[in-house]
Amino acid sequence: MGELLGHLAAGFVSAVAPLNFAMIVLGLGIGIVAGALPGITMLNSIVLVLPFTYFMGIVPAILLMIGIYCGGIFGGSITAILFNIPGDPMNVPTAWEGYRLSKSGRTRYALGLAIMASAIGGVVSALFLALFAPPFARFALGFSSVEFFSVVVFGLASVSVLGQSSMAAALVSLFAGVFLGTVGTEQQYGVERLTFGLPVLRTGVDFVTVLIGLFAIGEVLDQVAGRDPGRRAAPPDARALPRIGWADLWPLRWSLCRGTGVGVAVGGLAGAGATVSSFVAYGLERQMSATPEQFGQGHAGGLVAAESANNGSTGGAMVHLLTLGIPGSAATAVMMGAFLIHGIQPGPLMFTRQTHEVYTIIAGMILANVLMVGLGFAAALTFAQLMRVPAPLLNTFIVAFCVLGAFALRNDMADVWLTALFGVLGFYMRRWDLPIPPLVMGIILGPMAEQFFLTSMVSHANDYTVFLRRPVSAVVLGLAAVIVAWPLVARAVTARGPEAGR
Amino acid sequence: MERGRRVAAPLLGLLLALLLVPDTLALDRVAREGQFGPGFWPRLALLGFAAACAVKAVGEARRGPGAAGAAAPRAALSWVRLGAGIALVLGYVAALPLVGYPAATAAFVAAFMVLAGARAPAFVAAAALAGTTALLYLFVKVVYLPLPKGAGPLEAVTLWLYRALGIF
């Protein structure tokens, strides 16, 4: 323990050196802005800075990327809360609760909660990385596609409790999303699936186009089609920095603990990442909450759980990279590229051969999450000023930015068409009381579930029982079953109550 | 009437799903012996969708007109404004490759702002011109995004504009 603290202390000294510190701050700034702008993802930003890291040492290069990673995961929550536009898929649950809080005049409270939850989740996650990286990585290394499939199913199952109207409506939306996720060229056989000969669909439906269309354009159309389209989207509660105190956080401590725990655990599973963490934490929070009926109406616990989980996943994802040389997410895969460019092979030997560098990176990660509190508040204030802009101007330029964001994905007008069409669909889903989040979740997690399922079947001779024979998979699937069954049982018990009393 | 619409929508979804299932069966012709074909997963999704639609339709049919749990009434809607909004968004996307990004965006911004409630012509014109110019500088000059320039002679107009603004 003493040795570990010594390494960490040396890491902090190195992390606050001018160049390293500047890289963390620069990365956080880039990440927060990129995360907040729909269509410009945190991952894109990490990829874009990769060529600039050729001219740096490995430590400042990785610290720059870690700053973007941590800032980018938080940044999407700003526009999610202010405009109901999640910057990244992982911020979707934040939009469900944060935007409602904002609409009810509690913008500063929602932003403050998001920042603090993100920072606490991130710091705990980085400490976890420092303390438990080697043993945890050994445990997760035993996971195969069977366990990953079960984790994704768990994420999909949580959708049954995410529907704000009814479970049937949520499932309609979820299966529509899973189906849309299958459209395009199939990877294993290379055949076109359900494209109907349309070139637009050949490359599949990118979830970012769906996100932008359903959430942003759908919301704008809903406002414009209203009787008073010039109304403000929310009261201008953005005159000062977001405020949050321990008195606000203390009642939410268990939500924070659960969210952070889920983030660290799910983030530690290679490939699961921040999006799955965020959805699973949100679903779990609703199950555990004393007021589940308030979810979707601006529930602070749901917001805190989702935000602490997505930043909490960052440390877990880094575990695989630093101890095994296996990237735990797309972002850490790019970081692995940076290591290799500098001639360093990430893996167990790093902890003995490059101890100083490893602990500087870990200390930098802790520092980045602490600095994010200050930078996040400043960024939130800047974005919050946009709420003073007249609604017609704001709504119009939201559409213009959505079009640009969709085009920038692949420089392809097909993505712009899909975004516009999903915008129209988003409007009608709102009007027909079909929840949008399950559709988004289906598109994101559906292809992952398919890949893990097919790999499992090939590996185990199409034996379905493998999912129940492997202990971790069986436990996770059991939890998924409980999540699906719980609302049905609760409803049945509630319905029987009055009859029994007669 | 409203109840009929609420039952018809999921039934339409159910019908659509069942119509697409044969397409997924056809995909499995390329499947290797003893392995799942490329149609398996979309078929699973379609059958799940169909089942969910059926449950939703039954639930809506059972629900009385004023039953508890019925959806809360939505805010009043202007169908004319909705139609115009959708037409403007789709028209904007269609116009981009034809007339080029600058002209299409300036026209869209002006028209959509009026639709969204802006009334001062000077404000609308200034927002359209300044906004489009700012977007051009940011995304063409700084980010090097190859935005659509338009077809035929309009491409030359866009290029002339880029040169005039000093971004090309």
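See the structure above.
Computed from a predicted structure; not experimentally measured.

Calculation criteria
- Residues numbered from 1 in each chain as written.
- Chains lettered and ligands numbered in written order.
- Predicted model: local features only at pLDDT ≥ 70, side-chain atom pairs only at ≥ 80, totals over all residues.
- Helix = DSSP H or I, 4+ residues; strand = E, 2+ residues; numbered from the N terminus.
- Buried ≥ 20, exposed ≤ 12 C-beta atoms within 10 Å, placed from the backbone.
- Contact = placed C-beta atoms within 7 Å.
- Nonpolar A, V, L, I, M, F, W, Y, C, P; charged D, E, K, R; others polar.
- Expected span 1.5 Å × (residues − 1).
- Bend = angle between axes of the 7 residues up to and from the residue.
- Axes fitted to C-alpha atoms, helices over the stretch in contact; angles between N-to-C directions.
- Parallel < 35°, antiparallel > 145°, perpendicular 65-115°, else oblique.

Turning next to the overall build of chain A. Counting its regular elements, chain A contains 22 helices and two strands. With 502 residues in all, chain A has 60% of them scored as buried. Taking the contacts inside chain A whose residues are at least 6 apart along the sequence as the reference set, 79% of them involve residues at least 24 apart.

So, about the interface of chain B and chain A. By a widespread convention, an interface's size corresponds to the accessible area lost as its parts come together. Contact residues are listed per partner, giving 53 residues for chain B and 52 residues for chain A. Where the side of chain B that touches chain A is concerned, the elements lending two or more residues are α1 (2–27), α2 (40–62), α3 (79–99), α4 (101–115) and α5 (121–142) of chain B. Considering each element in turn, the side of chain B that touches chain A owes the most residues, eleven residues, to α2 of chain B. When the residues that make up the side of chain B that touches chain A are grouped by side-chain class, the tally is 39 nonpolar, ten polar and four charged.

So, about the environment of T355 of chain A. Residues and elements named next belong to chain A. For T355, the position within the fold is in helix α17 (residues 355–384). Given 14 C-beta atoms within 10 Å, T355 falls into the partly exposed group. For T355 and H7, which are 348 residues apart along the polypeptide, the C-alpha to C-alpha distance reads 7.6 Å.

What follows covers helix α10 (residues 207–224) of chain A. Structural remark: α-helix, 3.6 residues per turn; residues separated by three or four positions point the same way. Residues and elements named next belong to chain A. A rise of 1.5 Å per residue sets the reference length of α10, with its 18 residues, at 26 Å; its end C-alpha atoms lie 25 Å apart and thus fit the reference within 8%. Roughly 25 degrees is the biggest bend found in α10, and it falls at G213. For α10, a buried count of 18 out of 18 residues is recorded, marking the element as mostly surrounded by other parts of the structure.

Looking now at helix α7 (residues 145–157) of chain A. Between its first and last C-alpha atoms α7 of chain A spans 18 Å; for 13 residues at 1.5 Å apiece the expected length is 18 Å, and the two agree. Of all 13 residues in α7 of chain A, 13 are buried, a share of seventy percent or more.

Here we take up the packing of helix α19 (residues 413–431) of chain A against α3 of chain B. Close contact between α19 of chain A and α3 of chain B brings their axes to 10 Å; oriented N to C, the two are set at 175 degrees. When the interaxial angle is binned, α19 of chain A and α3 of chain B end up roughly antiparallel. Residue-level inspection shows M413, V416, W417, A420, G423 and V424 of chain A of α19 of chain A in contact with α3 of chain B, the latter providing I86, V89, L90, V93, L96 and P97 of chain B. Its residues assigned to classes, the contact of α19 of chain A with α3 of chain B comprises eleven nonpolar, one polar and no charged.

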